[in-house]
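Inside the fold
The primary structure of each chain is shown beneath.
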2 protein chains.
Amino acid sequence: MDKGEIPEDANEHCPGPQAETAGKSESCAGCPNQQVCASGTAPKGPDPDLVAISERMATVKHKILVLSCKGGVGKSTFSAQLSFALAGMDHQVGLMDLDICGPSMPKMLGLEGQGIHKSNFGWQPVYVGDNLGVMSISFVFPESADEPAIWSGPRKTDLIKRFLKDVYWRDIDYLVVDTPPGTSDEHITISSCLAGIDGAIIVTTPQEVAMVDVRKGVNFCKRKGIDVLGVVENMSGLVQPLSDFKFTKQLGSSAVDVTEDMISCLRENAPPELRLDDVFVWSQVFDGSGGGAERMCEEMGVPFLGKVPLDPQLCRAAERGKSCFEGNKCSVSAPALKSIIEKVIASINIKEDLSPGGGEKK
Amino acid sequence: MDKGEIPEDANEHCPGPQAETAGKSESCAGCPNQQVCASGTAPKGPDPDLVAISERMATVKHKILVLSCKGGVGKSTFSAQLSFALAGMDHQVGLMDLDICGPSMPKMLGLEGQGIHKSNFGWQPVYVGDNLGVMSISFVFPESADEPAIWSGPRKTDLIKRFLKDVYWRDIDYLVVDTPPGTSDEHITISSCLAGIDGAIIVTTPQEVAMVDVRKGVNFCKRKGIDVLGVVENMSGLVQPLSDFKFTKQLGSSAVDVTEDMISCLRENAPPELRLDDVFVWSQVFDGSGGGAERMCEEMGVPFLGKVPLDPQLCRAAERGKSCFEGNKCSVSAPALKSIIEKVIASINIKEDLSPGGGEKK
């Protein structure tokens, strides 16, 4: 007997919504579909949204997920800069912000307070220049920037499905999908509804406590059949020009600023080959003594894309909604990011060449 | 006509599960209860779990939520150190980790690989010493540390309810509840199921992009009737001894280590009052030029608890599951954390004194 298609958000060991034990088996406890299954009113056949999404996505050439199970590792900053970089190469780019409860894309792209427009073609993304379109919950509710979206999982799923089937991206080369921390409704929805994902980039920081989450991210991709394009180690040591630092001396319980004394001592006495304006200061900040992302990638057999130092200039660019590749302001982080993005593009192109008939498209 | 109790996770403008338009009104779109409401099988009366939770929580004196809508701001590190501090003051302490998809409490308390035990009294927390009990999803599934919990909202809600009604905390003075980023199922569940929360501590970093999320956190508390005990600004500038830094000089495209030259130049030439071993180096790292958490607190009328510098020693203590208050290793961050924790305790005690009959308990 056909036990019905297992819903995307079902528990493990789901007996199937049409099974005799549907909604009543031990594995059904806590499943969002339990009541519906038990009542025998579970929907039959494939999710009709999938057809609409597949039609809408026909104009999107490449799809890249940006993941990290841990929050605050710079995932959104990376997604924003990846999108700026691709747009700077004259590609047509879309950026979809799946963080419903903590959207930061509008700020990071300088688009705060903007709203979407609806046309006959669908929801219009908000544009940076003419080739980078962005979609975020902030654009759907622009008037309530400080109000939390106290949304349960199914409600988030519903909005994400609308992003997937109702947004008119036009013909685009790359769709970058930025996800929130974790492996919950947003990740379940995007991995089950968006077909043909080129791969995922996993962003992390160097500490062991972050590595636990990276392993979960890699295993999430494996379970969902998504290629891991590679792992980025972000905030990999702080690098700043000497002139950006202050020096203090502890005097009892208060700190005295001795920056001027230190700098003038160095200026007067440093050997001529040590031009102070060329000196950078480095600190590890987050303990990477466990080997960091690079060793973890070796162990798990996924590509390591590179390290991006913790660069206050990059933080500032992100705060101001600017590309770090413009104006040479992020001299510490921009070259690292550029090299990583080139590897991502190369890896997508190689896969395209290897796919059946892929090489001919070019 | 009675329209039924509105479920905790209902959409805004919910018509009520027993209303004629239940599950059919416009505001029902995307609500997790839509199908159940439309089918007329919505449960009647109050949630029976609430009674069980209230009975279980009768032995818990104070309940503190640790929130931050943004991820990676050091919320879990703060929760862990708060719990260590309270336990160090000889209080009986419980720590509940609500991060189902990215639990970090076991690592931060040195309890990796441990599992819960079930007794006649309920699930036993895992203990650090004899007065700090911890509960986390990692202890429920200790064998799958690297496997992601690909769990939808309702399934997370189910586990959190079990944490609330099935864990045997014994008589405890403080229950610290660490939450994941966002304002979704975990936050909805804890705020609707746990009565008598003393208040929430909101942890953030100094940047504007984090302030957006803090405002959401404060507004979440207002909407849910939870007092904000205050806001902690974490990673508020990097402070480290001079000897922890490396100095480099850019030579073409590669960096040359000039640390020895710099340090020996300073040792030989610095004035005697500048003892190098007493010099600390400070960098802002995350841009707080918008005024950071302190200004935001003034604007929103909530207490500012203080700043904790980005201290690599604290990161290392967290990585190793250690208290930062032991062994004087975190000389930069521990005093700041201590002062914040004292304010939190004072604020809870004042409220207790002010509550009807509260002063008499002492």
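Note that this is a predicted model, so its numbers are computed, not measured.

**Let's talk about the relation of the copies chain B and chain A**
Mapping chain B onto chain A calls for a screw motion: a turn of 180° about the axis and a shift of 0.0 Å along it, with 0.1 Å RMSD after fitting. Within this description, the copies of the chain are treated as partners about a two-fold rotation axis. Mapped onto chain A, 99% of the interface residues of chain B again fall at the interface, so both copies present the same surface.

**A word on the sheet that holds strand β14 (residues 304-307) of chain A**
All names here are of chain A. Reading across from one edge, β5-β6-β2-β7-β1-β8-β9-β14 is the order of the eight strands in this open sheet, with mixed pairing throughout. The strands lining the two open edges of the sheet, one partner per strand, are β5 (126-128) and β14. Going from strand to strand, the sheet's axes swing by 20° on average, the running direction of each strand aside. Sheet analysis places strand β9 (residues 228-233) next to β14, joined by three bridges and oriented parallel. Its bridge partner lying in β14, Val232 is registered against Gly306. Across the sheet, helix α3 (residues 75-88) lies against β1 (60-67), β2 (93-97), β5, β6 (132-135), β7 (172-178), β8 (199-204) and β9, angled at about 170° from β7, the strand it touches most.

**Here we look at the sheet that holds strand β11 (residues 246-251) of chain B**
The pairing of strands in a sheet happens through backbone hydrogen bonds and is either parallel or antiparallel. Pairing is antiparallel in the open sheet, where four strands are placed in the order β10(A)-β13(A)-β11(B)-β12(B). With one partner strand each, in any of the chains shown, β10 (238-241) of chain A together with β12 (254-257) of chain B form the two edges of the open sheet. Averaged over all adjacent pairs, the angle separating strand axes in this sheet is 35°, with direction ignored. Contacting β13 (279-283) of chain A together with β11 and β12 of chain B, helix α9 (residues 259-269) of chain B crosses the sheet at an angle of about 120° to β11(B).

**Some words on the UniProt feature "binding site: [4Fe-4S] cluster" (unreviewed entry) in chain A**
Residues and elements named next belong to chain A. Mapped onto the present numbering, the UniProt feature "binding site: [4Fe-4S] cluster" (unreviewed entry) falls on Cys14, Cys28, Cys31 and Cys37. In three dimensions, the annotated residues from a span of 24 residues occupy one location, with a maximal C-alpha spread of 10.6 Å. Relative to the elements of secondary structure, Cys28 occurs in the segment before α1 (34-38). For Cys28, a relative accessible area of 6% gives the class buried. Sequence-distant contacts of Cys28, defined by excluding residues within four places in its chain, comprise Asn11, Pro15, Thr21, Gly23 and Gln34. Tracing the backbone through its elements, the reader meets Cys31 in the segment before α1.

**Some details on the packing of aromatic side chains**
Residue and element names in this part refer to chain B. A complete count under the given rule lists seven aromatic pairs over all chains for this structure. Seen in terms of ring centroids, Phe121 and Tyr168 are 4.8 Å apart; in terms of plane orientation they differ by 20°. Their pairing is stacked. Here Phe121, found in the loop between β3 (117-119) and β4 (122-124), pairs with Tyr168, found in the loop between α6 (153-166) and β7 (172-178); they are 47 residues apart in sequence, far enough to count as distant. On the accessibility criterion, Tyr168 (24% relative accessible area) is partly exposed. Ring plane angle 75° and centroid distance 6.2 Å describe the contact between Trp123 and Phe163, whose orientation is recorded as edge-to-face. With Trp123 in strand β4 and Phe163 in helix α6, the pair connects residues that are 40 residues apart, well separated along the chain.

**A closer look at the interface of chain B and chain A**
Contact with chain B, which involves 84 residues of that partner, is made by 84 residues of chain A. Counting each side, the surface lost to burial between chain B and chain A is near 7400 Å², with a carbon and sulfur contribution of 60%. Area buried by chain B at its contact with chain A is led by B:Ile150, B:Lys216 and B:Glu319, which between them contribute 8% of it. Seen at the junction of chain B and chain A, the total is six salt bridges. Between A:Asp287 and B:Arg320 there is a salt bridge, and its shortest N-O distance comes to 3.8 Å. Run the count over chain B and chain A and you get 30 residue pairs in polar contact (both at pLDDT 80 or more).

**Points about helix α7 (residues 185-193) of chain B**
In terms of burial, α7(B) is largely enclosed, as eight of its nine residues are buried. Among the residues of α7(B), B:Asp185, B:Glu186, B:His187, B:Ile188, B:Thr189, B:Ile190, B:Ser191 and B:Cys193 are the ones counted as buried.

**Side note on the packing of helix α2 (residues 48-56) of chain B against α6(B)**
Residue and element names in this part refer to chain B. The geometry of α2 relative to α6 is characterised by a closest axis approach of 7 Å and an angle of 45° between their N-to-C directions. As far as their axial angle goes, α6 and α2 are oblique. Touching Asp49, Ala52, Ile53 and Arg56 of α2 are Lys161, Leu164, Lys165 and Asp166, all from α6. For the contact of α2 with α6, the per-class residue count stands at three nonpolar, no polar and five charged.

**A word on the pattern of salt bridges**
All chains considered together, the criterion is met by 30 salt bridges over all chains. Here B:Arg267 ties to B:Asp277 by a salt bridge, and the two come within 3.6 Å at their closest N and O atoms. Of the two residues, B:Arg267 sits in helix α9 while B:Asp277 sits in the loop between α9 and β13 (279-283), which places them ten residues apart along the sequence. You'll find B:Arg267 and B:Asp277 in the same group, each marked exposed. The partner of B:Asp277 in a salt bridge is B:Arg275, with the nearest N and O atoms 3.7 Å apart. Classification of B:Asp277 as exposed rests on a relative accessible area of 53%. In this structure, a network of salt bridges that share partners links the residues A:Asp47, A:Asp49, A:Lys161 and A:Lys165.

**What about the environment of A:Asp178?**
Residues and elements named next belong to chain A. Its place among the elements puts Asp178 in strand β7. On the basis of relative accessible area, Asp178 is assigned to the buried category, the value being 0%. If near-sequence neighbours (up to four positions away) are discounted, Asp178 is found in contact with Val66, Lys75, Ser76, Ser79, Met96, Asp97, Leu98, Asp99 and Met105. A polar contact of 2.9 Å, which involves the side chain of Asp178, links it to the side chain of Ser76.

**Thoughts on the state of the cysteines**
The full count for this structure, using the stated rule, is zero disulfides over all chains. Free of any disulfide, A:Cys69 has its nearest neighbouring cysteine sulfur in B:Cys101, separated by 7.7 Å. The class of A:Cys69 is buried, set by a relative accessible area of 7%.

Thresholds applied
Residues numbered from 1 in each chain as written. Chains lettered and ligands numbered in written order. Predicted model: local features only at pLDDT ≥ 70, side-chain atom pairs only at ≥ 80, totals over all residues. Heavy atoms only, no water. Least-squares fit on C-alpha atoms with pLDDT ≥ 70 in both. Contact = heavy atoms within 4.5 Å. Pairing = 2+ DSSP bridges. Helix = DSSP H or I, 4+ residues; strand = E, 2+ residues; numbered from the N terminus. Axes fitted to C-alpha atoms, helices over the stretch in contact; angles between N-to-C directions. UniProt positions renumbered as here; feature names shortened; annotations may be inferred. Buried < 20%, exposed > 50% of the residue type's maximum accessible area, 1.4 Å probe, protein only. Phe/Tyr/Trp six-rings, centres within 6.5 Å; stacked < 30°, edge-to-face > 60°. Buried area = accessible area lost by both parts, 1.4 Å probe. Salt bridge = Lys/Arg side-chain N within 4 Å of Asp/Glu carboxyl O. Polar contact = N/O pair within 3.5 Å; in protein donor to acceptor, adjacent residues only side chain to side chain. Parallel < 35°, antiparallel > 145°, perpendicular 65-115°, else oblique. Nonpolar A, V, L, I, M, F, W, Y, C, P; charged D, E, K, R; others polar. Disulfide = S-S within 2.5 Å.

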